[in-house]
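Structural overview for review
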Amino acid sequence: MTAATVAQTLDVVTYLDGKWWTFEIPSLTTDSPRGAGHRIVAMGSAKRFKDIAAAARDVAALWLDLDDYHGDVVVTVRDEAVDLWGESNTLEEQARQQVREAARKRREAVLSLIAKGASQSDAAAVFGVSVQRVSQLVH
């Protein structure tokens, strides 16, 4: 074929296999000679993670009988480490929300005490913080 290109986005699933990244391209499959229910999936490997997209483009070009494949590549890593990373991001966001809520409640507490007639100095002493911190919370 000539230098035809395909605009389709390749979804690539990869996992670390020893020191190599093995990847599959689930959208590139064909029937197996073994018969019904058996499929052959386009696969490849790369030594470094950053090389997976280029290697997947090479595999796609071969699979589709093209000179080059210039479509986008979306790489999904199949590994429990990725799940752990996602969980840590969720926990971190929850912690940020809790910190924001704690700050809101501190401000509310200071404003409540001052509204009842306490000075900023007294509020600082009650809450065990500096007068400067109370001033920040008030303003």
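The text that follows walks through the structure, step by step, so that each part is easy to find.

Rules and cut-offs
Residues numbered from 1 in each chain as written. Predicted model: local features only at pLDDT ≥ 70, side-chain atom pairs only at ≥ 80, totals over all residues. Heavy atoms only, no water. Helix = DSSP H or I, 4+ residues; strand = E, 2+ residues; numbered from the N terminus. Rg over C-alpha atoms; globule rule 2.2 N^0.38 Å. Contact = heavy atoms within 4.5 Å. Areas by Shrake-Rupley, 256 points an atom, 1.4 Å probe, with all protein chains shown as cover. Pairing = 2+ DSSP bridges. Axes fitted to C-alpha atoms, helices over the stretch in contact; angles between N-to-C directions. Patch = residues over 30% accessible without salt bridge, like charges linked within 9 Å, V, L, I, M, F, W, Y side chains within 5 Å. Salt bridge = Lys/Arg side-chain N within 4 Å of Asp/Glu carboxyl O. Core = buried A, V, L, I, M, F, W, Y, C linked by side-chain atoms within 4.5 Å. Buried < 20%, exposed > 50% of the residue type's maximum accessible area, 1.4 Å probe, protein only. Lys, Arg positive; Asp, Glu negative; His and termini not counted. Charge placed at Lys NZ, Arg CZ, Asp CG, Glu CD.

As a further point, take the overall build of the protein chain. Looking only at helices and strands, the protein chain has 4 helices and 4 strands in total. Ordered by position from N to C terminus, the α and β elements of the protein chain give β-β-β-α-β-α-α-α. Here the C-alpha radius of gyration of the protein chain, 29 Å, is well above what a compact globule of 139 residues would show, namely 14 Å. On the principal axes, the C-alpha backbone points of the protein chain span a range of 85 × 30 × 30 Å. By sequence separation, contacts in the protein chain at least 24 residues apart represent 46% of the contacts at least 6 residues apart. Carbon together with sulfur atoms contributes 54% to the accessible area of the protein chain, which is approximately 9700 Å² in total.

Attention now moves to the sheet that holds strand β4 (residues 73-77). Two pairing modes exist for strands in a sheet, parallel and antiparallel, and in both the strands are linked by backbone hydrogen bonds. Spatial strand order, β3-β2-β1-β4: 4 strands in an open sheet with mixed pairing. This sheet does not close on itself; its edge strands, each paired only once, are β3 (39-46) and β4. Between one strand axis and the next, the sheet turns by 35° as a mean value, whatever way the strands run. Bridging between strand β1 (residues 10-17) and strand β2 (residues 20-31) involves 5 bridges; their strand directions are antiparallel. Paired with Asp17 across the two strands is Trp20, which belongs to β2. Across the sheet, helix α1 (residues 52-64) lies against β1, β2, β3 and β4, angled at about 25° from β2, the strand it touches most.

Here we come to a nonpolar patch on the surface. A cluster of nonpolar residues, Val126, Phe127 and Val129, forms a patch on the protein surface that exposes about 250 Å² of accessible area. Within the secondary structure, Val126 is located in helix α3 (residues 120-127).

Let us look at the nonpolar core. Ranked by size, the top nonpolar core spans 17 residues in total, and within it Leu10, Val12, Phe23 and Ile25 carry the most contacts. Counting residues per element, the ones that place at least two in this core are β1, β2, β3 and α1. A total of 6 residues in this core trace back to one element, the largest contributor, which is α1. When residues no more than four places from it in sequence are discounted, the contact partners of Leu10 are Ile25, Ser27, Leu28, Ala56, Ala60, Tyr69, Asp72, Val73 and Val74.

Before going further, it helps to spend a moment on the pairing of β1. On a regular strand, one side chain projects to one face of the sheet and the next to the other, so that they alternate. In the sheet, β1 pairs with β4 via 5 bridges, with the strands oriented parallel. Residue pairing across strands places Val13 opposite Thr76, the latter belonging to β4. Between the antiparallel neighbours β1 and β2 lie 2 residues, among them Gly18 with a positive phi of about 70°.

Looking now at a negative patch on the surface. On the surface, Asp58, Asp65, Asp67 and Asp68 cluster together into a negatively charged patch. Position of Asp65 among the secondary structure elements: in the loop between α1 and β4.

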